[in-house]
Amino acid sequence: MTATPVPYRVIDRRRETSDTVTLRLDPVAEALPGFVPGQFAMVYAFGRGEIPVSVSSIGTTGVLAHTIRRVGAVSDGLYEARVGDVLGVRGPYGTGWELEKALGQDVLVVAGGIGLAPLRPLITDAIADAQAYGRINVLVGARTPDDLVCRAETRLWPTTYTEVTVDRPDAHWTGEVGLVTRLLDRARFAPDSTTAFVCGPEPMIRATARDLAHRGVPRERIRVSLERNMRCATGHCGHCQLGPLLLCRDGPVVGWDQAEHLLSVKEL
């Protein structure tokens, strides 16, 4: 882990939606060490600043991918980056999904919107070593078809069950319509021997985790990724505090047994 940004060059830019891109970054010199699925980096746009972005792909040669939605000045700068541009990256930070703790169990992935991006490397790893796990289910939800990311990959994932649903279909949509939690009835998993991985908007995380716990998935085996305002990424500034947790250090991935009561507290 480094607290000083190191240069990474954009080697590929893939447009995901009207406001979201995936950038593949290659280290200009030495690569940052040891990213695991679920962790994040602080990505720096020169002249704009830096923001935390989860890794959406981890290459064996140090190449990283980050999926970025433009929502402010810094993310605008990153969204506008083109192949050949150089960005700053520091990390890795935070906790990972810990897929290795699901060995021998069913794997259930539930993603909402851009929340699929941090889950993508976990899905890739699980599929690559599918014999080490039970059934693998991937459930994806988005507001509209135009908000779906990783669309080409999703159709090709060789899982036990993969389904995509949208809240508001367009005239060309032929898939499922409704909340992603509706797909849980069709997924094939044994609750008492399942590890679930959930990422997306906070209301979706709460609804999904509560549904899974009600079905019998142990709370500590429901892994959720939480988002707060991370600035220093080293646990010093306190901006990402959620109850006793500093999410840049103790998260972003935590068990539902920790997160449930914290997310039930309404901010004043």
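Scroll up to find the structure this text is about.
Analysis parameters
- Residues numbered from 1 in each chain as written.
- Predicted model: local features only at pLDDT ≥ 70, side-chain atom pairs only at ≥ 80, totals over all residues.
- Heavy atoms only, no water.
- Helix = DSSP H or I, 4+ residues; strand = E, 2+ residues; numbered from the N terminus.
- Rg over C-alpha atoms; globule rule 2.2 N^0.38 Å.
- Buried < 20%, exposed > 50% of the residue type's maximum accessible area, 1.4 Å probe, protein only.
- Contact = heavy atoms within 4.5 Å.
- Areas by Shrake-Rupley, 256 points an atom, 1.4 Å probe, with all protein chains shown as cover.
- Lys, Arg positive; Asp, Glu negative; His and termini not counted.
- Charge placed at Lys NZ, Arg CZ, Asp CG, Glu CD.
- Core = buried A, V, L, I, M, F, W, Y, C linked by side-chain atoms within 4.5 Å.
- Pairing = 2+ DSSP bridges.
- Axes fitted to C-alpha atoms, helices over the stretch in contact; angles between N-to-C directions.
- Salt bridge = Lys/Arg side-chain N within 4 Å of Asp/Glu carboxyl O.

## A word on the overall build of the protein
Line of reasoning, step 1. Scanning the protein for helices and strands turns up 6 helices and 15 strands.
Line of reasoning, step 2. Since a compact globule built from 268 residues should have a radius of gyration of about 18 Å, the 18 Å found for the protein is in line with a globular shape.
Line of reasoning, step 3. Counting only C-alpha atoms and orienting by the principal axes, one finds that the protein spans roughly 50 × 45 × 40 Å.
Line of reasoning, step 4. Looking at the 268 residues of the protein, the share that counts as buried comes to 51%.
Line of reasoning, step 5. Taking the contacts inside the protein whose residues are at least 6 apart along the sequence as the reference set, 69% of them involve residues at least 24 apart.
Line of reasoning, step 6. Of the roughly 12300 Å² of accessible surface on the protein, 50% is carried by carbon and sulfur atoms.
Line of reasoning, step 7. Computing the positive centroid from 30 side-chain charges and the negative centroid from 31, the protein places the two 3 Å apart.

## A word on the nonpolar core
Line of reasoning, step 1. Within the largest apolar cluster, 36 residues are counted, with the highest numbers of intra-cluster contacts made by Leu108, Leu139, Leu212, Ile222, Val224 and Leu226.
Line of reasoning, step 2. Residue assignment for this core shows that the elements contributing at least two residues are strand 3 (40-45), strand 7 (106-112), strand 11 (194-199), helix 4 (202-215), strand 12 (222-225), strand 14 (245-246), helix 5 (247-250) and helix 6 (256-263).
Line of reasoning, step 3. Take this core: its biggest share by element is 5 residues, from helix 4.
Line of reasoning, step 4. Contact partners of Leu226, with chain neighbours within four places excluded, come to Ile205, Leu242, Leu247, Pro252, Val254, Ala259 and Leu263.

## Overview of the sheet that holds strand 10 (residues 176-177)
Line of reasoning, step 1. Taken in spatial order, the 7 strands of this open sheet run 10-9-8-7-11-12-15, and their pairing is mixed. Both outer strands of the open sheet, strand 10 and strand 15 (253-255), are each paired with one neighbouring strand and no more.
Line of reasoning, step 2. Relative to strand 11, helix 4 is tilted by about 165°, and along the sheet it contacts strand 7, strand 11 and strand 12.
Line of reasoning, step 3. Running over the sheet, helix 6 touches strand 12 and strand 15 and is turned about 95° from strand 15.

## Observations regarding the sheet that holds strand 1 (residues 6-17)
Line of reasoning, step 1. Read around the barrel, 6 strands follow the order 1-2-5-4-3-6 and close on themselves; strand pairing throughout is antiparallel. Adjacent strand axes in the sheet meet at a mean angle of 45°, parallel and antiparallel pairs treated alike.
Line of reasoning, step 2. Note that strand 3 and strand 4 (residues 49-58) share 6 bridges and pair antiparallel. Residue pairing across strands places Phe40 opposite Ser54, the latter belonging to strand 4.
Line of reasoning, step 3. The strands touched by helix 2 (residues 116-128) are strand 4 and strand 5 (64-69); relative to strand 4, the strand with the most contacts, the crossing angle is about 35°.

## Considering the pattern of salt bridges
One side chain can pair with another of opposite charge once the charged atoms of both are near each other.
Line of reasoning, step 1. Inspection of every chain in the model, using the stated rule, returns 18 salt bridges.
Line of reasoning, step 2. For Arg219, the salt bridge is made with Glu260, and the minimal N-O distance between the two is 2.9 Å. Of the two residues, Arg219 sits in the loop between helix 4 and strand 12 while Glu260 sits in helix 6, which places them 41 residues apart along the sequence.
Line of reasoning, step 3. Since its relative accessible area comes to 37%, Arg219 is described here as partly exposed.
Line of reasoning, step 4. In this structure, the salt-bridge partner of Arg249 is Asp250, at a minimum N-O distance of 3.1 Å.
Line of reasoning, step 5. By relative accessible area, Asp250 is classed as partly exposed at 25%.
Line of reasoning, step 6. Three or more residues are tied together by salt bridges with common partners; here these are Arg14, Glu16, Arg120 and Glu153.

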